[in-house]
Amino acid sequence: MERGRQVSSTLSIEDLKAAMPDEVVTHAFTRIIRVPGLDGPFALITIDNGHDHTRPSTLGPQSLISLDEALDTAFAAEPAAIAVTGKPFVFAAGADLSGIGKLTSRDQADWIAATGHRVFRRLIDSPVPTFAFVNGAALGGGLELALSCQYRTIASNAGVIALPETFLGLFPGWGGTQLLPNLIGPDAAVTVMVENSLNQNRMLKPAQAAKLGIVDVLLESADYLERSLDWAAAVVRGEITVERPEIDRGAGWDAAVARAQALVTGKTQGAAPGPQHAVDLLELARENNLDVGFAAETEALADVLMSDETRAGLYSFDLVQRRVKRPAGAPDKGLARTVGKVGVVGAGLMASQLALLFVRRLKVPVVLTDIDQARIDKGVGYVHAEVDKLLGKGRISPDEANRLKELVTGSLDKAAFSDADFVIEAVFEELSLKQQIFAELEEHVSPEAILATNTSSLSITEMAAKLQHPERVVGFHFFNPVAVLPLLEIVRGERTDDAALATAFATGKNLKKSCVLVKDAPAFVVNRLLTRFLGEVIRAIDEGTPFDVADRALAPLGLPMSPLVLVQLVGPAVATHVAETLHEAFPERFGVSENMRRLVAAGKPAVWTWDEQGNQRIDPEVAELWQQGSTVLTEEDVRRRALSALAEESAIMLDEGVVAEAQDLDLCMILGAGWPFWLGGITPYLDRAGISEQVNERRFLAPGVASPSS
Ligand code: NAD
């Protein structure tokens, strides 16, 4: 701990400026104002990076120093109170992550950690009351700044509040792990900093933050600043006393730490050091000794910021924040046509989710069709029921619910599609059926209407081959569950034209999906990589490796689920079907397991079953039908095979031009398969584990792109 402080004192802000030359500085301005009812002056500090809300204020080294100086000015005025607030719509979005990705030494990381603590501590220890006026989004270090103030108000329209660090492979290291549990109790703190964050990075609305006690009062947004100043003045005068909960530092704390540990182990399998630090630091926070707690945070943060996992996490963050905004290979946006009506063919699992997504996001008429009225009714009924759920949760108004329901209709007659601009099919995965449906649709729709397919593996080019207007066909591959997985693989067939592709990208964006352009190649990106890697695990079992050994082999990567659980989620029949398609295209690399075929024929949904205590075991009927050889591999052998296969397949896909760059493979695995940020999708991991070079004699990414040690 001592070491942290000594090291930080050897560096100056000039050293940090040199390390992070591109920092977008968030300046802190102090205004000394008079507040009615207060005798002394009031110091109001506004932090603002000078850009509009699309570029939220972040906190890098120069920003911290600016805040430090603003605090000097504030204290010099001998104020009755000090408040910190943000620019319109943004309080602060946390540490400057793109800059942190460029740090080259542990000393620099230490400086960032320790300086954040030192500056924020001035607000904690201030002899005059300090307030955060949370007027807009407060994320990560931004929320920690607010937590460092002695009191907090929040605007009713403040946007999102969260500690997303563990999602990135970090932990809330500018006081978050120490201040939050001592403010709202350890269990609620685990919900905010571990559970929400590790679950697709869930965030809180202002009212939820107020309910949890993260902020003291929720105030109307219209005259938020005035109300906050009035409230602060009443606190200073002693007219308002803020009640804080009694914290259980005994069994309640034990239980919270245990819950945090279970969540972190369940989600990361020990593969990411940052979330584990969150658990350990929560344990330490029980003492409520900020000297000890902050020193431990600094030490851990300096380690974690320099780790491979964090670098990969920051690389992932950059991909999902920036690369998705300018998809590689997307045509000029200006070519996109307007979509005023949508048709959906099929009303099954995917089609009904697609109808819901289209109507919710585009708010245009959506017509569903299927082979009989009962299936159509089921599909439309699903959409209506989901709209009612949104209404029940208060996510939409009764008026909007009625409007959305009226927009979704069903028809057995494809003539109902005649004025649709965009028709997507999600019928059974059969090429001839899809070709026939597109041919039929051409009889009804205008020559410019887009014909999209949600196929998981079939050729877009072949699907379009016999049409009068093949140039309007695009692949629009969503992932199940559609509402959860953000990826949309947009597939260009050989004859797809720029206008159709531009319309597909514009529509994907309006659906709030992250679009990646993919070449028309079997199973596109995510399914091809997952099938290759699952194929290796299943092959090992077929050869004789015990099920549990093979299924545990990838655990050190911290994937969202084990391979055999993934097979269960996808369904053995679908998984086998995709494997067959890939086998047909690339027989030398993709096998089809006879045992998987037996599993499908027996109608078995999974390999594993779970007893009432949650113990996992092999379904005895599966054990019976599965024929194994006598070659037993270790976990390490299986892992090496599976990762080598991934490295080989990824390199081949790049050579074939399936996507523009390795970054797009990573984006697809993060957004379409839920692979963790700390692997960087997959290629940074393969690079740093040395597998890329062993298998392909080259790395995927230039040294330094996603790893400090490279
Ligand atoms: P599903 O079996 O749930 O639904 C298919 C629907 O198509 C059925 O309701 C069926 O009656 C209907 N249908 C069949 N022939 C038709 C015709 N001639 N006209 C109108 N409707 C017809 O299947 P699903 O899981 O929703 O998959 C649909 C498509 O989406 C497939 O191409 C699949 O590969 C793809 N996909 C599936 C998933 C997934 O996880 N299930 C994910 C991504 C893509």
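This is a predicted model, so every value here is computed, not measured.

Q: Mind showing me how you'd approach the overall build of the protein here?
A: Each helix and strand counted, the protein has 30 helices and 19 strands in total. Taken against the 2.2 N^0.38 rule, which gives 27 Å for 710 residues, the C-alpha radius of gyration of the protein at 28 Å falls within 12% of a compact globule. When its C-alpha atoms are laid out on the principal axes, the protein stretches across 80 × 60 × 50 Å. The buried share among the 710 residues of the protein stands at 57%. Within the protein, counting contacts between residues at least 6 apart in sequence, those at least 24 apart form 75% of the total. For the protein, the exposed area adds up to about 28600 Å²; of that, 51% sits on carbon and sulfur atoms.

Q: Honestly, the UniProt feature "domain: 3-hydroxyacyl-CoA dehydrogenase C-terminal" (unreviewed entry) in the protein in this entry has me stumped. Any pointers?
A: Cross-referencing UniProt, the feature "domain: 3-hydroxyacyl-CoA dehydrogenase C-terminal" (unreviewed entry) maps to residues 524–604 in the present numbering. End C-alpha atoms of residues 524–604 are separated by 27 Å, and the span's content is 67% helix alongside 0% strand.

Q: Would you take a moment to explain the sheet that holds strand β2 (residues 42–48) for this structure?
A: The strand order across the open sheet built from 6 strands is β1-β2-β3-β5-β7-β9, with neighbouring strands paired in mixed fashion. Only two strands of the sheet have a single partner each, and these edge strands are β1 (27–33) and β9 (217–219). With direction set aside, neighbouring strand axes in the sheet form an average angle of 25 degrees. As paired elements, strand β5 (residues 130–134) and strand β7 (residues 151–155) share 4 bridges and run parallel to each other. Looking across to β7, one finds that Phe131 is bridged to Tyr151. Strands in contact with helix α10 (residues 224–236) are β1, β2, β3 (81–86), β5, β7 and β9; relative to β5, the strand with the most contacts, it is inclined by about 160 degrees.

Q: Help me out: how do you make sense of the site of the ligand in this one?
A: Taken together, 21 residues lie around the ligand, and Asp370, Arg375, Glu429, Lys434 and Ser456 are the ones closest in. Between the ligand and Arg375, the relevant distance is 2.7 Å, taken from an oxygen atom to a side-chain nitrogen or oxygen of the residue. Note that an oxygen atom of the ligand is positioned 2.6 Å from one of the side-chain N or O atoms of Ser456. Considered on its own, the ligand offers 830 Å² of accessible surface; in the complex 82% of this is hidden by protein. Counting only elements with at least two residues in the shell around the ligand, the list comes to α15 (349–362), α18 (431–442) and β15 (473–478). Here the element with the most residues in the shell around the ligand is α18; it accounts for 3 residues.

Q: I tried to follow the domain arrangement of the protein on my own but got confused; where do I start?
A: Bring the parts together and some accessible area is lost; that lost area is often taken as the interface size. For the protein, the assigned domains are domain 1 (13–306), domain 2 (333–519) and domain 3 (526–657). A C-alpha centroid distance of 44 Å is found between domain 1 and domain 3. Contact residues are listed per partner, giving 4 residues for domain 1 and 4 residues for domain 3. On the domain 1 side of the interface with domain 3, the three residues burying the most area are Lys267, Gln269 and Ala271, jointly 90% of the side's total. In this assembly, domain 1 and domain 3 are joined by 0 residue pairs in polar contact (both at pLDDT 80 or more). By residue class, the composition of the side of domain 1 that touches domain 3 is 1 nonpolar, 2 polar and 1 charged.

Q: How should I be thinking about a positive patch on the surface in this particular structure?
A: A cluster of basic residues, Lys205, Arg361, Lys393, Arg395 and Lys512, forms a positive patch at the surface. As for its placement among the helices and strands, Arg395 is situated in the loop between α16 (373–392) and α17 (398–407).

Q: Where do I start with the nonpolar core in this structure?
A: Generally speaking, soluble globular proteins have nonpolar side chains that are buried together. Residues Phe42, Ile45 and Trp675 are the most contacted members of the largest nonpolar core, which totals 191 residues. A per-element tally of this core places helix α21 (residues 526–543) first, with 9 residues. Residues within four places of Ile45 in sequence aside, it is in contact with Ala28, Phe29, Thr30, Leu67, Ala70, Leu71, Ala74, Ile82, Ala83, Val84 and Thr85. By size, the runner-up hydrophobic cluster in this structure holds 44 residues, among which are Leu368, Phe476, Phe478 and Ala504.

Q: What's the story with helix α5 (residues 106–124) in this structure? I'm lost.
A: Note on helix geometry: an α-helix contains 3.6 residues per turn, so any two residues three or four positions apart are oriented the same way. Its 19 residues place the ends of α5 27 Å apart at the C-alpha level, agreeing with the 27 Å of an ideal helix rising 1.5 Å per residue. Counted residue by residue, α5 has 15 buried out of 19 residues, so it is predominantly covered.

Q: How do you make sense of the packing of aromatic side chains when you look at a structure like this?
A: Aromatic rings in a pair are described by how distant their centres are and how their planes are angled relative to each other. The full count for this structure, using the stated rule, is 13 aromatic pairs. Measuring from ring centre to ring centre gives 5.5 Å for Phe120 and Trp174, while their planes differ by 70 degrees; the resulting arrangement is edge-to-face. Highlighted residues: Phe120 in helix α5 and Trp174 in the loop between β8 (161–162) and α7 (176–184), separated in sequence by 54 residues. Trp174 carries the same exposure label as Phe120, and that label is buried. The interplanar angle of 85 degrees and the centroid separation of 6.2 Å between the aromatic rings of Phe131 and Trp231 together place this pair among those described as edge-to-face. Placement of Phe131 in strand β5 and of Trp231 in helix α10 is noted, with a sequence separation of 100 residues between them. This pair shows no difference in class: Phe131 is buried, exactly as Trp231 is.

Q: I would appreciate a short explanation of helix α14 (residues 308–321) in the present structure.
A: Taking 1.5 Å per residue as the helical rise, α14 with its 14 residues ought to reach 20 Å, and the 20 Å between its terminal C-alpha atoms agrees with that figure. With 10 of 14 residues buried, α14 lies mostly within the body of the structure. Along α14, the positions that sit buried rather than exposed are Glu309, Thr310, Arg311, Ala312, Gly313, Leu314, Tyr315, Ser316, Leu319 and Val320. In this fold, the buried residues of α14 make contact with α4 (97–100), α12 (273–285), α13 (290–305), α28 (662–672) and α29 (683–688).

Q: Any chance you could explain the pairing of β5 here in plain terms?
A: When you tally the buried positions in β5, you get 5 out of 5 residues, the bulk of the element. Residues of β5 alternate between two faces, with Thr130, Ala132 and Val134 on one and Phe131 and Phe133 on the opposite face, all of them buried. Sheet topology places β3 next to β5; 4 bridges connect them, and they run parallel. Each residue of the ladder has a partner; that of Val84, found in β5, is Ala132.

Q: Looking at this structure, I do not really get the sheet that holds strand β14 (residues 450–453). What am I missing?
A: Neighbouring strands of a sheet are bound in pairs by backbone hydrogen bonds; such pairs are parallel or else antiparallel. One open sheet accounts for 8 strands, arranged β12-β11-β10-β13-β14-β15-β16-β17; its pairing is mixed. Looking at strand neighbours, the two that pair on one side only are β12 (408–410) and β17 (514–519), the edges of this open sheet. On average, each strand axis in the sheet is inclined to that of its neighbour by 25 degrees, with strand direction left out of account. The sheet contact formed by β15 and strand β16 (residues 487–492) spans 5 bridges and is antiparallel. Residue pairing for β16: Gly475 is matched across the bridge by Val491. α17 rests against β11 (366–369) and β12 of the sheet, and its axis sits at about 25 degrees to β12.

Q: I keep staring at the side chain of Glu536 and nothing clicks. Help me out?
A: Along the chain, the position of Glu536 falls in helix α21. Not counting the four nearest positions on each side in its chain, Glu536 is found in contact with Arg641, Ala642 and Ala645.

Q: What exactly am I supposed to notice about the packing of α7 against α13 here?
A: In a packed pair of helices, the relevant descriptors are the angle between the two axes and the axis-to-axis distance. Interaxial distance between α7 and α13 falls to 9 Å at its minimum, and their mutual angle equals 135 degrees. Judged by the inter-axis angle, α7 sits oblique to α13. Contacts between α7 and α13 involve Gly176, Thr177, Gln178 and Leu179 from the first element and Leu290, Gly293, Phe294 and Glu297 from the second. Residue composition of the contact of α7 with α13, grouped by class: 3 nonpolar, 4 polar and 1 charged.

About the thresholds
Counting starts from 1 at the beginning of each chain's written sequence and moves along it residue by residue. Totals for whole chains, interfaces and linings use all residues, but because this is a predicted model, local features are given only for residues with pLDDT of at least 70 and pairs of side-chain atoms are given and counted only at 80 or more. As a convention, hydrogens and water are excluded, and side-chain values are obtained from all of the structure's heavy atoms. Here a helix means four or more residues in a row that DSSP labels H or I, a strand means two or more in a row labelled E, and each is numbered from the N terminus. Only C-alpha atoms enter the radius of gyration, while the globule expectation follows 2.2 Å times N to the 0.38, with N the number of residues. A 1.4 Å probe rolled over the protein chains alone gives each residue an accessible area, and that area as a share of the maximum for its type sets the label: buried under 20%, exposed over 50%, partly exposed in between. In this analysis, two residues are considered to be in contact whenever any of their non-hydrogen atoms come within 4.5 Å of each other. Computed with a 1.4 Å probe, the accessible areas rest on the Shrake-Rupley method; for each residue, only the protein chains presented here act as cover. UniProt positions are given in the numbering used here, feature names are shortened, and annotations may be inferred rather than shown by experiment. By this definition, two strands are paired if DSSP reports at least two bridges between them. Fitted lines through C-alpha atoms serve as axes, helices being fitted only where they are in contact, and the angles separating the N-to-C directions of these axes extend from 0 to 180 degrees. We call a residue near a given molecule or strand whenever any one of its heavy atoms falls within 4 Å of it. Within 3.5 Å is the distance limit for a polar contact, defined as a pair of N or O atoms, with the added protein rule that one can donate a hydrogen and the other accept it, and that residues adjacent in sequence qualify only through two side-chain atoms. Per the annotation, domain bounds derive from an automatic or database assignment of domains. When two parts are brought into contact, each loses some accessible area as probed by a 1.4 Å sphere; the total of that loss over both is the buried area. As a working rule, the residues Ala, Val, Leu, Ile, Met, Phe, Trp, Tyr, Cys and Pro are called nonpolar, Asp, Glu, Lys and Arg charged, and the rest polar, with Gly in that last group. Residues form patches when they are more than 30% accessible in relative terms and have no salt bridge. Like charges link within 9 Å. Nonpolar side chains (Val, Leu, Ile, Met, Phe, Trp, Tyr) link within 5 Å. By definition here, a salt bridge exists when the distance from a side-chain nitrogen of Lys or Arg to a carboxyl oxygen of Asp or Glu is within 4 Å. When charges are counted, Lys and Arg are positive and Asp and Glu negative, with His and the chain ends excluded. Every charge is mapped to an atom, namely NZ of Lys, CZ of Arg, CG of Asp or CD of Glu. Think of a nonpolar core as a cluster: buried Ala, Val, Leu, Ile, Met, Phe, Trp, Tyr and Cys residues, connected wherever their side-chain atoms sit within 4.5 Å. Here the expected span of a helix is defined as 1.5 Å times the quantity of residues minus one. Between the rings of Phe, Tyr and Trp (Trp by its six-membered ring), a pair exists once the centres lie within 6.5 Å; its type follows the angle of the planes, with under 30 degrees stacked, over 60 edge-to-face, and the other angles tilted. Roughly parallel covers angles under 35 degrees, roughly antiparallel covers those over 145, roughly perpendicular covers 65 to 115, and oblique covers all other angles.

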